[in-house]
Amino acid sequence: MELERISMVLRPRGPWEGLDLGFALARHWFLPLWTRWWILALPAAILCFLLTGARPDRWLLAIWWLKPVYEAPLLVWVSRALFGEPPSLRDLGATLGAGLNRRLLPYLLWRRLFPRRSFVMPLSLLEGLGGRAARARRRVLNGIGGTPAWLTLVCYHFEVILWGGVLLVLFLLVPQELPRLDLGAAVTDSASWAYWISVLAYLLAFSVVAPFYVCAGFALYLARRTELEAWDLELAFRRAREDQDRPRSAETIGGAARGRTLAAWSAAAFTTMLLTLVPHETVRADLLPAPEEARALIEEVLEARDFGSQHEIRIWVPVSRDEGAPDPQWVLPEGFGEAAVLLGHFFKWGLLGFAVIALGLLAFRILREWRPSGPRRPVLTPPLPASTSSSLRLEALPEDLAAAVRASLSDGDRRRALSLLYRASIVHLARLGLEIPAGTTENECLMLARRALPAPMLGPLEHLTRVWQGLAYGHLVPSRPLIETLLADWCRWTAAGGAKQGP
Amino acid sequence: MPPPIDTIRFNETPEGVELGLQVAGPVPRALALLLDTLIRAALVLALTPLLALSGFGLGLMLLGFFLLEWFYPVFFEVRTGATPGKSAFGLRVVHDDGTPVGLAASMIRNLLRVVDFLPALYGAGLVSTLVDRDFRRLGDLAAGTLVVYAQGQERQRAIPEALPQPLPPGLGSETQRAILSFAERGQRLSLARRVELAEILTAVSGENGELAVARVSGWANWLARGPGVRSP
C-alpha cells in the first residue's frame with residue numbers, strides 16, 4: 001500500500017466524520033460507481049425476472065437479497081480509485097474477479113442481514129481474511145461503536161424516502177388526462193401495473209443509495225484503520241524523510257525557474273487576452289484606427305502610469321571623455337624603474353622566506369601530531385562544582401545575606417532585596433543537592449525542587465517564587481512587611497536545611 | 001493532481017488564516033432530525049391536556065403547536081447554535097463563513113423546511129445533501145448556512161515523559177506536529193507499529209527498534225517541554 005498516492009486527506013476522524021467522508025467519496029465518483037452498479041444489477045435483474053416467474057414482489061426480494069453481489073465490485077473499484085488507479089471499463093473483468101469470489105458467499109447467506117455489512121466487507125474482500133483471523137480482526141476493528149449499524153439502518157430509510165418521493169412525484173405531477181397512478185395499488189396489489197412502477201422506483205432508489213452505502217462503510221473502515229495504525233503519522237513522517245533526503249538547492253533553483261516560466265506565460269496570456277477582448281464583429285471596421293496608428297495608441301496607453309511600474313536604479317557610468325583631448329602624459333621620476341625592481345626583489349625574497357618558515361612550522365606540527373610518544377592528553381575543562389552551576393555564578397552573593405537584604409530594604413530598593421532573596425534561595429537549593437540545568441525558568445525550577453525534595457524541605461520557596469514572578473514579569477512590587485516575612489522564613493529555612501544536611 | 005477529498009470547508013479570514021469547518025453529512029443530520037422530531041412529539045403530547053379547558057384551551061394548544069412547528073428550531077439555533085437533537089450529535093448551525101447563525105438566516109432555513117420536506121419525508125432535502133459539496137439542504141443553500149461539527153475544547157493528552165532530545169534540523173512544523181501527535185497517540189498503537197513508524201524518521205541516524213521510539217519520544221518531549229527540565 002502506498003499511502004503517498006491516497007486521494008483523500010488522512011487525519012484522525014470520529015466515526016460520524018468517517019461516514020461523511022464516505023458520502024463525499026461517493027459523490028466524487030458517483031457516475032462510475034452508479035454505472036458499475038447497473039452493469040451488474042441489470043443482468044442479475046433479468047435472471048431473477050425469469051427465475052421468479054415475473055412476480056414483481058418476489059422479483060424485488062431476489063434483487064434486494066443479491067445486493068452484496070453488486071456492491072462488492074463497487075468496493076473493489078473505490079479501493080483502487082482511492083490510491084490513484086481507478087480501473088477503467090476495460091478492466092471490468094478484473095474488478096469483478098476481485099469482487100466476486102468465495103469470500104462473498106457469507107454475505108449472501110447468513111451475513112446478509114448483518115447490520116455492519118458494509119463496514120466488515122472490506123475485511124473479507126480487500127484483506128482476504130477468513131476464518132479465525134477474520135474473526136480476530138473484526139473484534140479489533142469493531143471498537144468503533146454502533147455507527148456501522150446506524151449507517152445500514154439510515155441508508156435503508158434513505159431508500160424508502162427516495163422510493164416514496166419518486167412515487168409521489170409521479171402521482172402528483174402526471175397530468176389528469178393520462179392514466180392516474182393508484183398509490184394504494186402501487187404498495188399493496190402485486191398484480192397491478194402500478195406495483196411494477198413502484199418496484200422499478202425501488203430499484204432506482206437501490207442504485208442511487210448503493211454507492212453511498214458502500215463508500216460510507218469503506219470510509220468507516222479507513223477511519224478505523226487510520227486511528228489504529230496512525231496512517232496520517234506514517235504519511236507525515238515519510239514526507240519529512242523525503243524532504244530531508246532531497247538536496248535543497250536543486251529544489252529552490254527549479255522552483256525559481258518554474259516561477260519565471262510561469263510569469264512569462266501569464267504575461268503572454270494576458271496580452272493575448274487583452275488583444276482578443278474586443279469582439280471583432282461588433283466593432284465597425286471604419287471606426288478602427290489604422291494599424292500603425294493603433295500601435296502608437298497602444299504604446300501611448302501602455303506608457304501611462306497605470307501600466308507597469310517605475311524603478312529608480314543607480315549605477316556607475318564612465319564620465320564621457322572628450323575624444324579629441326590628448327591623453328595626459330605620465331612622467332615618471334628619475335630612477336623610479338630601478339627602485340621598483342629592487343623593491344620587487346626584496347618582496348620576492350621576503351615572501352620566499354615566509355613560505356619556508358611556514359613550511360617548517362607545518363612540518364613541525366605534523367611531526368608532533370605523528371610522534372608515537374603515547375596518547376595526547378585530552379584537553380579537559382575543569383568540571384564545575386555542583387553547587388555553582390553557570391547560571392548561579394553571575395553575581396556573587398554577599399556573605400551576610402539577611403543584612404544585605406535589610407540594607408536594600410532600608411534604602412527603599414525592594415526589587416533588589418527580593419532579587420537577592422530569590423537568588424539566595426536558588427543557591428540554597430543547589431546546596432541541598434538539586435541540579436538545576438542552564439536556562440531553567442522559575443516555574444521549572446520550582447517543579448524540579450518539588451520533585452526532588454519533600455514538601456517540608458521546600459520552605460518559603462513556593463511563596464517566594466510567586467512573589468518574585470509577580471515582580472519580575474508583572475511589576476507588582478511587594479510590600480516591605482511581606483519581604484521581611486519572606487526573609488524571616490528564608491532564614492529559618494536555611495538554618496534548618498543547613499542543620500539537616502550538614503555543611 | 002486534484003486536491004485530496006475531505007469533508008472540510010475552508011474559509012480564509014482577512015488575516016490570511018485558513019479556518020476549516022468540518023461539515024456534517026446526511027446520516028448524523030438525519031439522526032439528529034429524528035431525535036428532534038421525537039422531542040417535538042413529546043412536547044406536543046405534553047400540550048394535549050390543555051384540551052380540558054375547552055375552547056380557550058384548544059386555542060392555546062393550537063398556538064403551542066404552531067410555535068413548536070415553526071419556531072422550535074429557530075429558538076434553539078439562535079440561542080445555543082443547535083437544536084437539542086443536533087447538540088446530541090455534536091452538531092452546530094453556522095453561517096457559511098463560520099460565524100454563529102443569526103435570526104434571519106435561521107428563520108430562512110427553517111421556513112424552507114417545507115420545501116425540503118417535499119415530496120415526502122425530506123426527499124428533496126436528502127437529494128440536495130447527497131448532491132451538494134458541503135451537504136447543504138435547500139434551506140441551507142438559501143440561508144447561506146452550514147451544519148458543522150462543533151469543535152470542542154481540544155483535550156490535552158499527556159505525553160509520556162522521556163529525556164528531551166534536540167530535534168534534527170530541517171523538520172517543518174507539520175512534521176513537528178506529527179511527532180507530538182505520535183507521542184500522544186503512541187500508547188494506543190501496538191508496539192510493532194510504534195517501532196515501524198519511529199524507524200521511518202530515525203532511519204538517517206540508524207536507530208532501530210525501541211531505541212527509535214525512545215528517540216522520537218525524546219524529540220516530542222523537547223518540543224513539548226523545552227530543553228531545560230529533565231525528569232529526575
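Residues numbered from 1 in each chain as written. Chains lettered and ligands numbered in written order. Predicted model: local features only at pLDDT ≥ 70, side-chain atom pairs only at ≥ 80, totals over all residues. Heavy atoms only, no water.

(A) Quick look at unusual backbone geometry. Residues and elements named next belong to chain B. In this structure, the amide linkage connecting Leu118 to the following residue, Pro119, adopts the cis form with an omega of -15°. The phi torsion at Leu121 lies on the positive side, around 50°, for a residue other than glycine. On the secondary structure map, Leu121 appears in the loop between α5 (113–117) and α6 (123–131). At Phe135, a residue that is not glycine, the phi angle is positive and equals roughly 55°. Within the element layout of this structure, Phe135 appears in the loop between α6 and α7 (138–143). (Helix = DSSP H or I, 4+ residues; strand = E, 2+ residues; numbered from the N terminus.)

(B) Just the packing of aromatic side chains, in detail. All names here are of chain A. Applying the stated criterion across every chain yields a total of 22 aromatic pairs over all chains. Look at Trp29 and Trp77: their rings are 5.9 Å apart centre to centre, the planes differ by 85°, and that puts the pair in the edge-to-face class. Taken together, the residues Trp29 in the loop between α1 (15–28) and α2 (30–51) and Trp77 in helix α4 (residues 67–82) connect sequence positions 48 residues apart. Across this residue pair, the class does not change: Trp29 and Trp77 are buried. Considering the side-chain rings of Tyr422 and Trp468, the 5.6 Å spacing of their centres and the 15° angle between planes classify their relative orientation as stacked. Note that Tyr422 is positioned in helix α17 (residues 414–431) and Trp468 in helix α19 (residues 461–474), a separation of 46 residues in sequence. Overall, Trp468 belongs to the buried group, its relative accessible area being 13%. (Phe/Tyr/Trp six-rings, centres within 6.5 Å; stacked < 30°, edge-to-face > 60°. Buried < 20%, exposed > 50% of the residue type's maximum accessible area, 1.4 Å probe, protein only.)

(C) How the structure looks around the interface of chain A and chain B. The partner chain B presents 53 residues to the 49 residues of chain A that form the contact. Of the roughly 4,400 Å² buried where chain A meets chain B, counting both sides, 69% is carbon and sulfur surface. For the pair chain A and chain B, the number of links is four salt bridges. For Arg193(B), the salt bridge identified is with Glu234(A), shortest N-O distance 2.6 Å. (Contact = heavy atoms within 4.5 Å. Buried area = accessible area lost by both parts, 1.4 Å probe. Salt bridge = Lys/Arg side-chain N within 4 Å of Asp/Glu carboxyl O.)

(D) Here's a closer look at the pairing of strand β2 (residues 18–22) of chain B. Residue and element names in this part refer to chain B. Taken together, the five bridges between strand β1 (residues 8–12) and β2 define a ladder with antiparallel strand orientation. Considered in β2, the bridge of Glu12 is made with Glu18. Two successive antiparallel strands, β1 and β2, enclose a turn made up of five residues, where Gly16 displays a positive phi of approximately 85°. (Pairing = 2+ DSSP bridges.)

(E) Region of interest: α6(B). Here α6(B) has its buried residues at Gly123(B), Gly125(B), Leu126(B), Ser128(B), Thr129(B) and Leu130(B). Among the structural elements, α1, α9 (147–173) and α11 (193–229) of chain A together with α1 (26–47), α5 and α7 of chain B are those in contact with the buried residues of α6(B).

(F) Seen up close, the nonpolar core. Phe23(A), Trp29(A), Leu82(A) and Val27(B) are the most contacted members of the largest nonpolar core, which totals 96 residues. Top contributing element to this core by residue count: α11(A), with 20 residues. The contacts of Leu82(A), once residues within four sequence positions are left out, are Arg5(A), Ile6(A), Ser7(A), Met8(A), Leu25(A), Trp29(A), Phe218(A) and Leu222(A). If you look at the next biggest cluster of nonpolar residues, it comprises 33 residues, including Ala402(A), Leu409(A), Leu418(A) and Ile483(A). (Core = buried A, V, L, I, M, F, W, Y, C linked by side-chain atoms within 4.5 Å.)

(G) Geometry of helix α3 (residues 56–65) of chain A. Residues and elements named next belong to chain A. Listed as buried for α3 are Pro56, Trp59, Leu60, Ala62 and Ile63. Along the long axis of α3, the arc covered by the buried residues comes to 160°, so they all point the same way. Those residues of α3 hidden inside the fold are in contact with α2, α4 and α11. (Arc of directions from axis to C-beta.)

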